Amino acid sequence: MGISVPLPITIGIHFFSIQTNGDSVVTKSALGGYFMRQVFKFKSNQSLKRLASVMCILSLVIAGMFIYAPSPVSAVTTNFYVSTTGNDTTGIGTLALPWATIQKARDYIRTNSLNIGMTGDIVVNVKAGDYYVTSTIQFADTDSGSNGYSVIYKNQDAVGTARFIGGQQITSWTLHSGNVYKSNVGTSWQFYTLFDNGVRARTARYPNYTYNSSFPLAQAPYLKTEGVNDSHTVLQYKIGDLNPTGWGLNDAQVLTWSGGSWNWFTDIIPFTSLNSTTRQITFAAANQSRYGLYQAGVGSRYFVQGVLSLLDAPGEFYLDRTAGYLYYWAKDGAIGSQTIVAPKVQKIISVAGASESVRAHHIQFDGLDFEVSEFTNWYRQAHVNNGDSGEGHTYPSYDRQMDLAPTRTGMVFLTNTDNITIKNSHFKNSGFSAIYMLFYNQNNTISGNWIEHIGHTGIYLNGKYPSEGDVLKNNTLTNNLIHNVGELVGNGSGVYVVNSGSNEVSYSEIYNSPRYAVAFDAYVNIPLAAIYVENNIFKNLKIHDTSQDSGDTSAIYAFGISNVSPYLSNTIQQVTIDNVYADPSM
């Protein structure tokens, strides 16, 4: 016969309880919505009762420490309110007369200097609803908290019900042909991904995508190139692979794993021309592939996309950017009953201090939902050759590792920040990464978030070039659920830490990735004194179903950080890994 001793103790947002059942003691703790459970087994019920009693007493003592500790100053929280039914002109930010946007709340706080000399947190309560974002919402150092208090943008209702959607609905459709409808979106709206009822559509392609439940992040099937050896600008296709008769090439692209057998990174490259006699597709030199398109006698995997005549399956779209028409075959049912959204912005939120010494700080985003952001018409992971950036870095070889400037972006973008918190939030359907920290970012916390269906990487930390400043460090990424990353970029990852140190990635589950779950790296043949990837800790991670579409990979991947002694130290502990293998096309 068991005893039951439920004892909830609240410490901030941590919860702890004890329950005995039969011959076991069960302890539960929670942070945000992610729960951890421990079961202790005992031979006798008497031992169990003694342990339960001790734990109860200890819990009461801990609770008392928090409940009865005197506070020298009683903080006063200031509340403002935002609602989809509010008004930025006539509203005053109260519950009865809310504003319509968080931009108005930000401006009111800034203009009236409410965030200077704070004596308590300022909370902007955002009511449930859809907030369509057509230009990036920007926060600067002038929007920071003060005196250790924060300016908090928080969901007023259930977590994730205040949705910031970085796009716009498309509602006016006419029949084009068969099951394909079209809508005039204009020539000024250029977008490269699309969403139907919250699910990503695919650019019309050949060969058609085939879903494989064992490798849901693989973009197979692919074709394979043949001969012009080591060319970065000429792709030769095999006889019978493509029939380009009648193709319009204005928006045509190739997605390829350049490098022959390597399969390290994907390139997305617009056509310059196609010659059906020589079976050659040509690319501009400025858009060349990362590696050779046919290398060492081995073809690279690829498919063609962005051609109207390839639109032949549900869930495919084509945007004619010259005429301004979007063509789409809806996934399910009549197109008029679908919610179809195209992106307007790559960044929904930007938090950027003026400089490394004038930083944005003590700003929080709590319980919000971020959905839909833009991708790009051309993607390559880095420069092809040493020094290609032309920026005169101490180690120009790092140009071959550093993300190209246009791709350093995410739904929430941080630079020149410290003590920024993003918690209990939902990120879905991005073009690039969900959260991107560039260069100076310290003591930020990313916790309790659900990150899913991401174009590139879930959480991306990108430090400076070697020897140019150890400024991205001491950040905590914990208790996050990250899955289905790399939907547009084959080298996507759950968490990517680049030339950055002393960060913690912990207590998280990461799965469904085309390449890594976690990667931390710098570059080879650079003195270790110039590299900052050290003292990171990766612990208590559950990783599975990764490396689904790439080569030279692993669930946890490190590169260019410990080639010579004394080695840079990074710690991996208490990690489980399961199902790490690739689609047969690889």
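Our structure's up above, just so we're on the same page.
The following paragraphs examine the structure supplied in this document. Computed from a predicted structure; not experimentally measured.

Conventions used here
- Residues numbered from 1 in each chain as written.
- Predicted model: local features only at pLDDT ≥ 70, side-chain atom pairs only at ≥ 80, totals over all residues.
- Heavy atoms only, no water.
- Helix = DSSP H or I, 4+ residues; strand = E, 2+ residues; numbered from the N terminus.
- Buried < 20%, exposed > 50% of the residue type's maximum accessible area, 1.4 Å probe, protein only.
- Areas by Shrake-Rupley, 256 points an atom, 1.4 Å probe, with all protein chains shown as cover.
- Contact = heavy atoms within 4.5 Å.
- Core = buried A, V, L, I, M, F, W, Y, C linked by side-chain atoms within 4.5 Å.
- Pairing = 2+ DSSP bridges.
- Phe/Tyr/Trp six-rings, centres within 6.5 Å; stacked < 30°, edge-to-face > 60°.
- Lys NZ or Arg CZ within 6 Å of the ring centre and 35° of its normal.
- Salt bridge = Lys/Arg side-chain N within 4 Å of Asp/Glu carboxyl O.
- 1 Å grid on protein atoms, 1.4 Å probe; cavity = no way out; pocket = protein on both sides within 12 Å on 5 of 7 lines; lining within 4 Å.
- Points joined across faces, edges and corners; volume = space filled by probe spheres on them.
- Nonpolar A, V, L, I, M, F, W, Y, C, P; charged D, E, K, R; others polar.
- Arc of directions from axis to C-beta.
- Polar contact = N/O pair within 3.5 Å; in protein donor to acceptor, adjacent residues only side chain to side chain.

Observations concerning the overall build of the chain
- In terms of regular secondary structure, the chain is built from two helices and 47 strands.
- Looking at the chain as a whole, 55% of its 586 residues are labelled buried.
- Surface exposure of the chain reaches about 23,900 Å², of which carbon and sulfur atoms provide 52%.

Some thoughts on the environment of Q442
- In this structure, Q442 sits in strand β35 (residues 433–442).
- On a C-alpha basis, the gap between Q442 and N474 in space is 5.5 Å, while along the polypeptide they are 32 residues apart.
- Excluding residues within four positions of it along the chain, Q442 makes contact with T417, D418, N419, D470, V471, K473, N474 and N475.

Thoughts on the nonpolar core
- Judged by nonpolar contacts, the single largest core of 78 residues is most densely connected at Y153, F164 and I349.
- Those residues in contact with I349 that sit more than four places away from it in its chain are I102, T136, I137, F139, F365, F370, M411, V412 and F413.
- Counting residues in hydrophobic clusters, the runner-up holds 22 residues, among them V180, L274, L310 and Y318.

Notes on the pairing of strand β9 (residues 151–155)
- Where burial is concerned, most of β9 is hidden: four out of the five residues are buried.
- As defined by bridge partners, strand β6 (residues 122–126) adjoins β9 across five bridges and the pair is classed as parallel. Bridge pairing in β9 links N125 to K154.
- As defined by bridge partners, β9 adjoins strand β31 (residues 360–366) across four bridges and the pair is classed as parallel. Considered in β31, the bridge of I152 is made with Q364.

Let's talk about unusual backbone geometry
- Residue Y206 is joined to P207 through a cis peptide bond whose omega torsion reads -5 degrees.
- Inspection of the secondary structure assignment puts P207 in the loop between β17 (205–206) and β18 (223–224).
- In this model, A220 is joined to P221 through a cis peptide bond whose omega is 5 degrees.
- You can see P221 is positioned in the loop between β17 and β18.
- Its identity as a non-glycine residue notwithstanding, N499 has a phi of 45 degrees, on the positive side.
- Tracing the backbone through its elements, the reader meets N499 in the loop between β42 (495–498) and β43 (504–511).
- Phi angles above zero are rare outside glycine, and N535 is one such case at about 60 degrees.
- Here N535 lies in the loop between β44 (518–521) and β45 (537–546).
- What makes N535 partly exposed here is its relative accessible area of 46%.

Quick word on the packing of aromatic side chains
- Tallying each qualifying case throughout the model produces 30 aromatic pairs.
- Ring plane angle 50 degrees and centroid distance 5.1 Å describe the contact between W99 and Y108, whose orientation is recorded as tilted.
- On the accessibility criterion, Y108 (32% relative accessible area) is partly exposed.
- Among the aromatic residues, those joined into a cluster by ring pairs are F413, Y436, Y460, Y496, Y516 and Y557.
- Stacked on the ring of Y209, the Lys or Arg R202 has its end atom at 3.5 Å from the ring centre.

A short note on the pattern of salt bridges
- Overall, the coordinates contain twelve salt bridges when judged by the stated rule.
- The shortest N-O distance in the salt bridge between D107 and R106 comes to 2.9 Å.
- Judged by relative accessible area, which is 11%, R106 ranks as buried.
- For R301, the salt bridge is made with D549, and the minimal N-O distance between the two is 2.9 Å. Separated by 248 residues along the polypeptide, R301 in strand β26 (residues 301–305) and D549 in the loop between β45 and β46 (556–559) bring together distant segments of the chain.
- Note on R301: relative accessible area 2%, which makes it buried.
- Judged by its relative accessible area of 1%, D549 is buried.
- Salt bridges here are not isolated pairs; linked through shared partners, they connect D130, R163 and E371.

Observations concerning the sheet that holds strand β28 (residues 325–328)
- Reading across the sheet, the five strands line up as β12-β13-β28-β27-β16 and stay open at both edges, with mixed pairing between neighbours. A single partner strand is all that each edge strand has here, and the edge strands are β12 (174–177) and β16 (202–203).
- Looking at chain direction, β12 and strand β13 (residues 180–184) are connected through three bridges and run antiparallel. The residue bridging S177 from the neighbouring strand is V180, located in β13.

Considering the environment of A582
- Note on placement: A582 falls in the segment after β47 (571–580).
- Separated by 29 residues in sequence, A582 and T553 place their C-alpha atoms 9.9 Å apart.
- With residues up to four places along the chain from it excluded, the contact list for A582 reads F215, S547, Q548, D549 and S550.

Some details on the layout of surface pockets
- Quantified by volume, the largest pocket comes out at close to 780 Å³.
- Lining of the largest pocket is provided by 42 residues; of these, R200, A201, R202, Y209 and E487 occupy positions nearest its centre.
- Those elements that provide at least two residues to the lining of the largest pocket are β15 (199–200), β16, β20 (253–256), β26 and β27 (316–320).
- By residue number, the principal contributor to the lining of the largest pocket is β27, which donates four residues.
- Residues belonging to the lining of the largest pocket are distributed by class as follows: 19 nonpolar, 14 polar and nine charged.

Some thoughts on helix α2 (residues 102–111)
- Within α2, the full set of buried residues consists of I102, A105, R106 and I109. Down the axis of α2, the buried side of the element spans an arc of 100 degrees, and every buried residue falls inside it.
- In the core, the buried residues of α2 are packed alongside β5 (78–82), β6, β8 (137–140), β9, β10 (162–165) and β30 (349–352).
- One or two steps after α2, the chain reaches S113, where phi turns positive at roughly 55 degrees.

A short note on the side chain of N155
- Tracing the backbone shows N155 in strand β9.
- Of the polar contacts made by the side chain of N155, one reaches the backbone nitrogen of D157; its length is 2.9 Å.
- Within the structure, N155 has its side chain in polar contact with the backbone oxygen of A158 (distance 3.1 Å).
- In this structure N155 touches V126, G160, T161, A162, D366, G367 and L368, once residues within four positions along its chain are discounted.

None of the figures reported here should be taken as evidence of function without further support.
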